[in-house]
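Fold and contact review
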Amino acid sequence: MKLYVAGIGCGSRNGITIEAEKAILSSDIVVGYTVYIEQIKRFYPEKECISTGMKQERERVELALRNASDGKTVALVCSGDSQLYGMAGLAIELSVNYPEVDIEVIPGVTAAFSGGAVLGAPMTHDLALISLSDLLTPMEKIIKRLRCAAEGDFVIALYNPSSKKRADYLQRACDIILEYRSPETVCGIVGNIGREGQQSRVLMLNELRETQVDMFTTVFIGNSETKVINGKMVTPRGYRNV
């Protein structure tokens, strides 16, 4: 009665860790969101897979727990990392109804780090990861977190920066951050990380404010020390000064 909750990175086979791959290969069933299961089917066509759609997170986790409770070994896959905006927390919460199921959480490479590597090294110092999606978090709390991160001079990675219903959310976030940072603050965007059509760009904060992005884009906003070196976005930590 085993349930793995595994992060599978941002979309490429190379982005799946050895540990996550072992969990998938040893499982009888792989459960996940439709888009992620399509990836799993391409990478591991022999695996039995079950998918659920958007906004069916609870149903997805219950499905995985029920199958594990029935004696199957199950891998519940999440994009990026299994904890950060993933299903690990919910799986542990709901496991109180399935005490016989052994849950093992397997980390994965989240977009802040895989996307940061595309840009260079923006995440070398203290950082804040913030989702602009207000489906599960009140906008008032998101705004407070943006203000605190900007005032604290954290490097900021923004997840879910925009959608059809939230077309102006990134612009609003930039306006908040511009209250604390220079318009020339170095920023970066990476779209479709690790997948076909991957695109990246280094730009200034005032340019980012006017840039259209989508849900498949991760946004990086540098701190006061972040700079461009040979076209790469870099946040020094001060090693050269030691």
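Residues numbered from 1 in each chain as written. Predicted model: local features only at pLDDT ≥ 70, side-chain atom pairs only at ≥ 80, totals over all residues. Heavy atoms only, no water.

1. Concerning the sheet that holds strand S9 (residues 186-191)
- Taken together, the 5 strands give an open sheet; going across it, the order is S7-S8-S11-S9-S10, and neighbouring strands pair in mixed fashion. Edge strands, defined here as strands with exactly one partner in the open sheet, are strand S7 (127-131) and strand S10 (199-204). Pairs of neighbouring strands in the sheet enclose a mean axial angle of 15°, with direction left out of account.
- Sheet topology note: the strand S8 (residues 155-159)/strand S11 (residues 217-221) ladder contains 3 bridges and is antiparallel. Bridge assignment links Leu158 to a residue of S11, and that residue is Val219.
- Contacts from helix H5 (residues 111-119) reach S7, S8, S9, S10 and S11, with the element oriented near 70° to S11.
- Strands in contact with helix H6 (residues 139-151) are S7 and S8; relative to S7, the strand with the most contacts, it is inclined by about 160°. (Pairing = 2+ DSSP bridges. Helix = DSSP H or I, 4+ residues; strand = E, 2+ residues; numbered from the N terminus. Axes fitted to C-alpha atoms, helices over the stretch in contact; angles between N-to-C directions. Contact = heavy atoms within 4.5 Å.)

2. Details of the side chain of Gln39
- By secondary structure assignment, the location of Gln39 is in helix H2 (residues 34-43).
- Using a relative accessible area of 8% as the deciding quantity, one classes Gln39 as buried.
- Excluding residues that lie within four positions of it along the chain, Gln39 makes contacts with Ile8, Gly11 and Arg195. (Buried < 20%, exposed > 50% of the residue type's maximum accessible area, 1.4 Å probe, protein only.)

3. What about the nonpolar core?
- If you look at the biggest cluster of nonpolar residues, it comprises 24 residues, and the most contacted ones within it are Ile130, Leu146, Leu158, Leu208 and Ile221.
- Counting only elements with at least two residues in this core, the list comes to S7, H6, S8, helix H7 (169-177), S9, helix H8 (205-208) and S11.
- Top element by residues in this core is H7. It accounts for 6 residues.
- Discounting chain neighbours no more than four positions away, the residues touching Leu158 are Ile130, Leu132, Leu146, Leu170, Ala173, Thr217, Thr218, Val219 and Ile221.
- With 19 residues, the next largest nonpolar core counts Val61, Met87, Ala88 and Val101 among its residues. (Core = buried A, V, L, I, M, F, W, Y, C linked by side-chain atoms within 4.5 Å.)

4. Describing unusual backbone geometry
- For Tyr85, which is not glycine, the phi torsion reads 60° and is therefore positive.
- Mapping Tyr85 onto the fold places it in the loop between strand S4 (73-78) and helix H4 (88-94).
- Although it is not a glycine, Asn192 adopts a positive phi angle of roughly 55°.

5. A short note on the pairing of strand S3 (residues 48-52)
- Bridge count for strand S2 (residues 29-33) against S3 is 5 bridges, and the pairing is parallel. Residue pairing in the sheet places Gly32 in a bridge with Ser51 of S3.
- Handedness of the crossover joining S2 and S3 through H2: right-handed. (Right-handed = clockwise from strand over helix to strand, strands pointing away.)

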